[in-house]
Amino acid sequence: MRNKSIAVIGLQWGDEGKGKIVDLLSPRSAAVVRFQGGHNAGHTLVVGGAKTILHLIPSGILREGVVNVIGNGVVVSPEALRNEIEMLESKGIPVRTRLKVSTECPLVLSCHVALDLAREQSAGEAKIGTTGRGIGPAYEDKVARRAIRIGDVFDTRSCNEKIEKLYDYHNFVLTKYFGVDPVEAHTTQEELSKFAELIQPLACDTVELLHKQSGEILFEGAQGSLLDVDFGTYPFVTSSNTIAGAAITGSGANLFEIDEVIGVVKAYTTRVGAGPFPTELNDPDGELLASRGQEFGSTTGRPRRCGWLDVKALRRTIQVNGVTKIYLMKFDVLDTFKEIKLCVDYEGDSNIQSTFSCNPTGILSVKPVYESLPGWESDTTSVRDYSELPSEAQKYVERLSELLGVEIAGVSVGASRDAMVNSHQQLIP
Ligand code: GDP
Ligand code: IMO
Ligand code: MG
């Protein structure tokens, strides 16, 4: 049976509020699927005042009756998965009855973390500012056809041989090229034999599982479209495709099964780590965005760089994702601003690809061209109906929708699940 499916994708540099939207939409779904990234992600759910930060497990996990799937496109750290399962179980969530994991997921192991850290360390000023979780090296091993995958851990003998070979290979680079300590194969061998017990009841052919579902399927993006390895600000990107197209390759859904692509957009812009950021503010407005938005990374706790909304960049990510609707997040953070700016173009070179891709230092010469809108200077956090938003706030939403050419389906005015203003179309269950 053909499923109706929706992909939920971040359109900026991550942390747009994807977790909140997936949690909100998930009760009507049969399954919620992560299809790329790993525990570099940090998705925050706030329900009844209680905060849950998820890294690997899909954001439908709080909902009874929803199958949560970690698809083949995700790189899985056995340690991170175990910790997350235990964290959720300590809150009384029956994770093991709600979670399935593809046997085809490549593993993120200690050698990948060591390589990630050594590479960042040796890069000095030119470092990417990765999360240090080993994500890049794990994807490299997948493409190089030497990854250890979840399905491999059930045959202990052959798995141990694969680990031996993999560690031998990476230790050469770690010790001879980077001059750091080697990683120990036997520690990983022991870890994976314990992991085999944990994962055995959860691991399955998730392609078959998804194609057997008869309800709606929700695909949960991680990172953001400007961190996509092809379409982002390369090389200051993550190591996977983060756009909607990856929902297919990372899950085994087919081309004809994605009916809708929901873009998640923060009402301003943030970025963690290094790389181009045309609208970045290093002034009191930037500081106000950071403090009102509590802009610290959900995974590493690093302060997020902040700036105005970049419509020029959003037009590009809307295009490559085929976005059909947008949720505008953290709108309440703008409540105290007298003036709000939208970057509608860049001065001079208006070619976005050359702006983002051709500057290996990540330093931009491009200057944003801003359109200025009056702020509403009032508290929107208790508004739930669009007509109750101040007229300046409505004008801002409508002008943005016009500039982007996409309907804004909801405006989020707080971290909690219920803090949502439905705008034009009823999407919320
Ligand atoms: P994700 O990675 O895209 O899921 O987003 P994160 O969870 O990393 O970051 C979003 C942060 O903003 C989290 O702390 C959320 O609880 C919070 N948040 C989400 N929506 C809103 C909102 O509308 N207003 C405010 N003030 N905070 C929000
Ligand atoms: P969510 O899903 C924000 C960034 C890192 C770094 C770059 C590469 O919560 O939106 P990596 O460890 O992936 O090799 O780092 O990507 N990054 C994120 N930034 N949110 C995320 O996830 C991110 N995942 C990776 O900061 O700049
Ligand atoms: Mg996040």
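Going along each chain's sequence as written, the residues are numbered from 1 onward. Written order decides the labels, with chains lettered from A and ligands numbered from 1. With the structure being a predicted model, the display of local features is reserved for residues of pLDDT at least 70 and the display and counting of side-chain atom pairs for 80 or more, all residues being used for whole-chain, interface and lining totals. Neither water nor hydrogens contribute to the side-chain values; these are computed over all heavy atoms in the structure.

Caption draft 1: Highlighting the overall build of the protein chain. Secondary structure summary: the protein chain contains 13 helices and 17 strands in total. Based on the C-alpha atoms only, the size of the protein chain along its principal axes is roughly 65 × 50 × 40 Å. We get accessible surface area from the Shrake-Rupley algorithm with a probe of 1.4 Å; when it comes to residues, only the shown protein chains can shield them. Only carbon and sulfur atoms are counted for the fraction: they give 50% of the accessible area of the protein chain, which is about 17700 Å². For the protein chain, the separation between the mean place of its 44 positive charges and that of its 55 negative charges on side chains is 2 Å. Segments assigned H or I by DSSP are reported as helices when at least four residues long, segments assigned E as strands when at least two residues long, and all are numbered from the N terminus. In this tally, Lys and Arg are treated as positive and Asp and Glu as negative; His is ignored, and so are the chain termini. Charge positions are represented by NZ for Lys, CZ for Arg, CG for Asp and CD for Glu.

Caption draft 2: Representation of a negative patch on the surface within the structure. Exposure above 30% relative accessible area and the absence of a salt bridge qualify a residue for a patch, where like charges join within 9 Å and nonpolar side chains (Val, Leu, Ile, Met, Phe, Trp, Tyr) within 5 Å. Any Lys or Arg side-chain nitrogen located within 4 Å of an Asp or Glu carboxyl oxygen qualifies as a salt bridge. A cluster of acidic residues, Asp-155, Glu-161, Glu-164 and Asp-168, forms a negative patch on the protein surface. Relative to the helices and strands, Asp-168 is located in helix H6 (residues 156-177).

Caption draft 3: Looking closely at the site of ligand 2. The cutoff for a nearby residue is simple: one of its non-hydrogen atoms must lie within 4 Å of the molecule or strand. Around ligand 2, the surrounding shell holds 20 residues, and the nearest of these are Lys-18, His-43, Thr-131, Gln-223 and Thr-238. Measuring from an oxygen atom of ligand 2, one finds a side-chain N or O atom of Asn-40 at 2.9 Å. Relative to its unbound accessible area of 550 Å², ligand 2 is 98% covered by the protein chains. The pocket occupied by ligand 2, as judged from atoms lying within 2 Å of grid points, is the largest pocket. Pairs of N or O atoms within 3.5 Å make up the polar contacts considered here, provided that, within protein, one atom can donate a hydrogen while the other can accept it, and that residues adjacent in sequence are counted only when both atoms are side-chain atoms. Each cavity reported here is a set of points on a 1 Å grid over the protein atoms alone in which a 1.4 Å probe fits but cannot get out, each pocket an open set with protein on both sides within 12 Å along at least five of seven lines, and each lining residue one with an atom within 4 Å of a point. To decide whether a molecule occupies a pocket or cavity, check its atoms: if more than half lie within 2 Å of the grid points, it is inside.

Caption draft 4: Fine view of the nonpolar core. Residues grouped as a nonpolar core are buried Ala, Val, Leu, Ile, Met, Phe, Trp, Tyr and Cys residues, joined through side-chain atoms within 4.5 Å. With a 1.4 Å probe rolled over the protein chains alone, any residue whose accessible area is under 20% of its type maximum counts as buried; one over 50% counts as exposed, and the rest are partly exposed. Within the largest apolar cluster, 53 residues are counted, with the highest numbers of intra-cluster contacts made by Ile-326, Leu-328, Phe-331, Leu-334, Tyr-396 and Leu-400. In this description, contact between two residues means that some pair of their heavy atoms is separated by no more than 4.5 Å. Apart from residues lying up to four places away in sequence, Phe-331 is in contact with Ala-267, Trp-376, Thr-380, Leu-389, Ala-393, Tyr-396, Val-397, Val-411, Ser-412 and Val-413. Listed in part, the 40 residues of the second largest apolar core include Ile-85, Leu-109, Cys-111 and Ala-196.

Caption draft 5: Broad picture of the coordination of the magnesium ion (ligand 3). Coordinating donors are taken as N, O and S atoms within 2.8 Å of the metal, stretched to 3.2 Å for Na, K and Ca; because water is absent from the atoms, sites can appear incomplete. Every protein donor of the magnesium ion (ligand 3) is accounted for by Asp-15 (OD) and Gly-42 (O), and the metal-donor separations fall at 2.0 to 2.2 Å. In this pair, Asp-15 is assigned in the loop between strand E1 (5-10) and helix H1 (18-25) and Gly-42 in the loop between strand E2 (29-34) and strand E3 (43-47), connecting sequence segments 27 residues apart.

Caption draft 6: Fine view of the site of ligand 1. Taken together, 20 residues are adjacent to ligand 1, and Gly-42, Thr-44, Ser-298, Asp-332 and Ser-412 come closest. In the model, an oxygen atom of ligand 1 is placed 2.5 Å from a nitrogen or oxygen of the Thr-44 side chain. The side chain of Arg-304 places a nitrogen or oxygen atom 3.3 Å from an oxygen atom of ligand 1. When ligand 1 is considered free in solution it has 590 Å² of accessible area, and contact with the protein chains removes 91% of it. More than half of the atoms of ligand 1 fall within 2 Å of the grid points belonging to the second largest pocket. Those elements that place two or more of their residues in the shell around ligand 1 are H1 and E3. For this classification, the nonpolar set comprises Ala, Val, Leu, Ile, Met, Phe, Trp, Tyr, Cys and Pro, the charged set comprises Asp, Glu, Lys and Arg, and every other residue, Gly included, is treated as polar. Residues that form the shell around ligand 1 fall into these classes: five nonpolar, eight polar and seven charged.

Caption draft 7: Main features of the layout of surface pockets. Grid points are joined across faces, edges and corners, and a volume is the space filled by probe spheres set on the points. Considering only enclosed or pocket space, the largest pocket measures out at about 950 Å³ in volume. Along the wall of the largest pocket there are 50 residues; nearest its centre are Asn-40, Ile-135, Val-237, Thr-238 and Ser-239. Elements that contribute at least two residues to the lining of the largest pocket include exactly helix H4 (110-123), helix H5 (135-143) and helix H9 (246-249). If you tally residues by element for the lining of the largest pocket, the top one is H5, at seven residues. In the lining of the largest pocket, the residues fall into 17 nonpolar, 23 polar and 10 charged. By volume, the second largest pocket is sized at about 660 Å³. Along its surface, the second largest pocket is lined by 27 residues, and Thr-44, Gly-293, Arg-304, Lys-330 and Ala-415 are the ones closest to its centre. Listing elements by their share of the lining of the second largest pocket, those giving two or more residues are H1, E3 and strand E4 (50-54). Considering only residue class, the lining of the second largest pocket consists of six nonpolar, 11 polar and 10 charged.

Caption draft 8: A look at the packing of helix H11 (residues 311-321) against helix H13 (residues 391-404). Here, axes are lines fitted to C-alpha atoms. For helices the fit covers the stretch in contact, and angles between N-to-C directions go from 0 to 180 degrees. Between H11 and H13, the shortest axis-to-axis distance is 10 Å and the interhelical angle comes to 55°. In this view, H11 runs oblique relative to H13, as classed from their interaxial angle. Here H11 and H13 pass one another in a crossing that is right-handed. Between H11, through Val-311, Leu-314, Arg-315 and Ile-318, and H13, the contact on the second element is made entirely by Leu-400, Leu-403 and Leu-404. Residues that form the contact of H11 with H13 fall into these classes: six nonpolar, no polar and one charged. Roughly parallel refers to an angle under 35 degrees, roughly antiparallel to one over 145, roughly perpendicular to one between 65 and 115, and oblique to any angle outside these ranges. Left-handed describes a crossing in which the near helix is turned anticlockwise from the far one by less than a right angle; the clockwise case is right-handed.

Caption draft 9: Up close: the packing of aromatic side chains. Between rings of Phe, Tyr and Trp, where Trp is taken as its six-membered ring, a pair exists when centres lie within 6.5 Å; planes separated by under 30 degrees are stacked, by over 60 edge-to-face, and by other angles tilted. With the rule as written, the count across this model stands at seven aromatic pairs. Judged by centre distance (4.6 Å) and plane angle (10°), the rings of Phe-331 and Trp-376 are stacked. Of the two residues, Phe-331 sits in the loop between strand E13 (325-329) and strand E14 (339-346) while Trp-376 sits in the loop between strand E15 (368-374) and H13, which places them 45 residues apart along the sequence. Trp-376 matches Phe-331 in its accessibility class, with the two residues each being buried. Among the aromatic residues, those joined into a ring-pair cluster are Phe-331, Trp-376 and Tyr-396. Placement of a charge over a ring requires the Lys NZ or Arg CZ to be within 6 Å of the ring centre, with the centre-to-atom vector within 35 degrees of the ring normal. It is Lys-312 that lies over the ring of Tyr-346; its NZ or CZ is 5.9 Å from the centre.

Caption draft 10: Local environment of the state of the cysteines. We call a pair of cysteine sulfur atoms a disulfide whenever their separation is within 2.5 Å. Within the structure shown, the criterion is met by zero disulfides. The cysteine Cys-159 is free of any disulfide, with Cys-111 supplying the nearest cysteine sulfur at 12 Å.

It is worth stressing that arrangement in space is one thing and function is another; only the former is reported here.
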